[in-house]
Amino acid sequence: MPQSPVTDNRTGPRYVHAFPIRAEWDTSDGVHVVAEGETDNVGPEGTLIHLQRELPPVGGRVNLLVLGDSGEKLSVVAEVLRIERNPGHPQAALQVLGETDEWRGLVWEEAAIKMAEADEDYDDDDF
């Protein structure tokens, strides 16, 4: 039987790093939701985020604020590609719309550095 090739639409590696975030969106009822959470992993054009309770709707737009040590790191608009309704760890996959150069420079590249530093620290502790 011929197998269908699996296509991965990602445009680069994803790095595991937990940036604190704030997500805002409007529900279909017109209610404005503000939720806080963190990134689970970061790619060059998007992220998988973990939110405590509510999740935005698939296809909806989210105002995403990525926070750093000194406050706001970057604010972007993202589209919700999919959601995971795991009661213990609800997640939303987001694709950044627009500011992808800033996203890559300020978020994705920093996540790569932080992940490499964590790997180095882990290797040092193995002995």
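All of these numbers come straight from a predicted model, not from anything done at the bench.

**Q** Mind showing me how you'd approach the environment of L94 here?
**A** If you trace the backbone, L94 turns up in strand β6 (residues 91-97). The sequence separation of L94 and T47 amounts to 47 residues, and the corresponding C-alpha distance is 5.4 Å. Residues contacting L94, with those up to four places away along its chain left out, are E45, G46, T47, I49, V62, L64, A78, E79 and V80.

**Q** It is not clear to me how the nonpolar core should be interpreted in this structure. Could you clarify?
**A** A general tendency of soluble globular proteins is for nonpolar side chains to be buried together. Among the nonpolar cores identified, the biggest contains 26 residues, and L51, L64, L94 and W103 are the most heavily contacted of them. When residues of this core are traced back to their parent elements, those giving at least two are β1 (20-26), β2 (32-42), β3 (46-51), β4 (61-68), β5 (71-84), β6 and α1 (100-125). The element that contributes the greatest number of residues to this core is β5, accounting for five residues. With residues up to four places along the chain from it excluded, the contact list for W103 reads V42, G43, P44, E45, G46, T47, L64, V66, L74, V76, V96 and W108.

**Q** Whenever I open this one, the pattern of salt bridges confuses me. Can you help?
**A** Opposite charge on two side chains permits them to pair, given that their charged atoms come into close proximity. Applying the stated criterion across every chain yields a total of five salt bridges. Of the charged contacts in the structure, one is a salt bridge between E45 and R104, with a shortest N-O distance of 2.8 Å. Of this pair, E45 sits in the loop between β2 and β3 while R104 sits in helix α1, and the two are 59 residues apart along the sequence. Judged by relative accessible area, R104 falls into the partly exposed class, the value being 24%. Close ionic contact of R104 with D101 constitutes a salt bridge, the shortest N to O distance being 3.5 Å. You can see R104 and its partner D101 sitting in helix α1, three residues apart, about one turn around the helix.

Conventions adopted
- Residues numbered from 1 in each chain as written.
- Predicted model: local features only at pLDDT ≥ 70, side-chain atom pairs only at ≥ 80, totals over all residues.
- Heavy atoms only, no water.
- Helix = DSSP H or I, 4+ residues; strand = E, 2+ residues; numbered from the N terminus.
- Contact = heavy atoms within 4.5 Å.
- Core = buried A, V, L, I, M, F, W, Y, C linked by side-chain atoms within 4.5 Å.
- Buried < 20%, exposed > 50% of the residue type's maximum accessible area, 1.4 Å probe, protein only.
- Salt bridge = Lys/Arg side-chain N within 4 Å of Asp/Glu carboxyl O.

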